[in-house]
Number of protein chains: 2
Amino acid sequence: MNEKASPLIDPLEHLLGYQLRRASLTTLSALSEAYEALDLRLTDAIVLRFVAANPGCNQGEISKALGVRRTNMVPVVSGLVDRGLIDRAAADGRTHALTLTAAGATMHDRIDALARANEERFFGGFDAETRAMLLHALATIRARGEG
Amino acid sequence: MNEKASPLIDPLEHLLGYQLRRASLTTLSALSEAYEALDLRLTDAIVLRFVAANPGCNQGEISKALGVRRTNMVPVVSGLVDRGLIDRAAADGRTHALTLTAAGATMHDRIDALARANEERFFGGFDAETRAMLLHALATIRARGEG
DNA sequence: TATTGTTATACTCTATAACTATA
DNA sequence: TATAGTTATAGAGTATAACAATA
């Protein structure tokens, strides 16, 4: 029969938007698999990072920064509180100030180590100038969507 | 009260993996909105492109090329057949050869125009050398995930 | 009146298991 | 035995509407 390795012509090869998606999925699925060892999803890890960087923030602020709906933040934060990784303290009557617990801080260190390893795996082969250029290009692309 | 525009420190700003995701979502959601005028989803458009570039291919080959499960390809192809955009002809007893109908070819032209406009919007501001560099970097990233 | 957090809900996307028919 | 297509289903992710409590 036909034994060609890749019998199809790829009409998307030159489309930057599509290649951006495939590359993004590649790095994120690898990171997601790494986080499984910590029983965390990507969003859990991102929220822990935000709380670590912004102690006392509330979940509405995190939602806005991540560009996700307020409603979808609820089960994520609640889950992290239930697991004892985040502490939720009443700030005013309707806002809760979020901070990492000691267990959350330990988890954050593990997250950071896995994320750094993932960055090294996928981007470590590029020199500093190329990485800076990539970062700048990605920020430019995002700005073109928001503007 | 606190009137800062962005009160949160973004701990993900330097992470290429995360910025890759945000940039990818930016370009894809814009393209997805553009396709709504044609009543097509992103996957529909991609499949039409593959059939256009590879007349006579089957849906298993498309699945493999796109990196999606066989099972999830079924409703996509069936929907395009039902809408008269793709023709499905028995090749052997279990394989169907897919080709574009005349309506499918017309739709493909519209898809291509919208995709080109989207590429121009998000990547047209980069010079040819930068775009080539981006494309090469993205391919390299993907290869590091598959290897 | 606007904002924060919440519940309920629905739709899309993606993933697995199991089945039929065919090579 | 392996492959192509399919069905049913379950899990994520993401969307909207509506509500209570508070600013």
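Across its full length, chain A carries six helices and two strands. Counting only C-alpha atoms and orienting by the principal axes, one finds that chain A spans roughly 65 × 40 × 35 Å. Counting the 147 residues in chain A, one finds 40% classified as buried. Taking the contacts inside chain A whose residues are at least 6 apart along the sequence as the reference set, 55% of them involve residues at least 24 apart. Summed over its atoms, the accessible surface of chain A is roughly 8,000 Å², and 51% of this surface lies on carbon and sulfur atoms.

The next point concerns the protein's contact with DNA strand C. The environment of DNA strand C is made up of 18 residues, and the closest members are A:Gly60, A:Thr71, A:Arg94, B:Gly93 and B:Arg94. Of all DNA strand C atoms lying within 4 Å of any protein atom, the proportion belonging to sugar or phosphate reaches 53%. The side chain of B:Asn72 places a nitrogen or oxygen atom 3.0 Å from a base nitrogen of DNA strand C.

Along its 19 residues, helix α6 (residues 128–146) of chain A runs 27 Å from first to last C-alpha, staying within 8% of the 27 Å computed at 1.5 Å per residue. Listed in full, the buried residues belonging to α6(A) are A:Thr130, A:Leu134, A:Ala137, A:Leu138, A:Thr140, A:Ile141 and A:Arg142. Looking at the buried residues of α6(A), the elements they touch are α1 (16–36) of chain A together with α1 (16–36), α5 (102–123) and α6 (128–146) of chain B.

Residue and element names in this part refer to chain A. Mapped onto the fold, isoleucine 86 is located in strand β1 (residues 86–90). Distance from isoleucine 86 to leucine 12, taken between C-alpha atoms, is 43 Å for residues 74 residues apart in sequence. In contact with isoleucine 86, other than residues within four places in its own chain, are Val47, Leu48, Val51, Leu80, Val81, Leu98, Thr99, Leu100 and Thr101.

Our next topic: helix α4 (residues 70–82) of chain A. Residues and elements named next belong to chain A. For α4, which comprises 13 residues, the first-to-last C-alpha distance of 19 Å matches the rise-based estimate of 18 Å (1.5 Å per residue) to within 8%. Considered for burial, the residues of α4 that qualify are Met73, Val76, Val77 and Leu80. Axial view of α4: buried residues confined to an arc of 95°, hence all on one face. Turned more than 90 degrees from where α4 packs its buried face, Thr71, Pro75 and Asp82 sit exposed. Residues of α4 that are buried make contact with α2 (42–53), α3 (59–66), β1 and β2 (96–100). Phi turns positive one or two residues past the end of α4, at glycine 84, with a value near 75°.

This brings us to the side chain of A:Ser63. Residue and element names in this part refer to chain A. Looking at where serine 63 falls in the secondary structure, it is placed in helix α3. Given the relative accessible area of 3%, serine 63 is considered buried. There is a polar contact of 2.9 Å between the side chain of serine 63 and the backbone oxygen of glutamine 59. In this structure, serine 63 is in contact with Val68, Arg69, Arg70 and Met73, ignoring residues within four places of it in sequence.

All names here are of chain B. Relative to strand β2 (residues 96–100), strand β1 (residues 86–90) is paired through five bridges, and the arrangement is antiparallel. Its bridge partner lying in β2, aspartate 87 is registered against threonine 99. Here β1 folds back onto β2, and the loop between the two strands holds five residues.

A word on the protein's contact with DNA strand D. Around DNA strand D, 18 residues are found, and the nearest of them are A:Asn72, A:Gly93, B:Gln59, B:Thr71 and B:Arg94. Per the 4 Å cut-off to the protein, sugar and phosphate atoms form 58% of the nearby atoms of DNA strand D. At 3.0 Å, a side-chain N or O of A:Arg94 approaches a base oxygen of DNA strand D. Between B:His96 and DNA strand D, the recorded distance is 3.5 Å, taken from a backbone N or O atom to a phosphate oxygen. Sorting the residues of the surface near DNA strand D by element identifies α4 of chain A together with α3 (59–66) and α4 (70–82) of chain B as the ones contributing at least two each.

Take chain B, turn it by 180°, move it 0.0 Å along the axis, and it overlays chain A with an RMSD of 0.1 Å. Such a combination of turn and shift is consistent with a two-fold rotation axis. Here 100% of the interface residues in chain B have copies in chain A that are interface residues too; the copies meet face to matching face.

Cut-offs and rules
- Residues numbered from 1 in each chain as written.
- Chains lettered and ligands numbered in written order.
- Predicted model: local features only at pLDDT ≥ 70, side-chain atom pairs only at ≥ 80, totals over all residues.
- Heavy atoms only, no water.
- Helix = DSSP H or I, 4+ residues; strand = E, 2+ residues; numbered from the N terminus.
- Buried < 20%, exposed > 50% of the residue type's maximum accessible area, 1.4 Å probe, protein only.
- Contact = heavy atoms within 4.5 Å.
- Areas by Shrake-Rupley, 256 points an atom, 1.4 Å probe, with all protein chains shown as cover.
- Near = heavy atom within 4 Å.
- Polar contact = N/O pair within 3.5 Å; in protein donor to acceptor, adjacent residues only side chain to side chain.
- Expected span 1.5 Å × (residues − 1).
- Arc of directions from axis to C-beta.
- Pairing = 2+ DSSP bridges.
- Least-squares fit on C-alpha atoms with pLDDT ≥ 70 in both.

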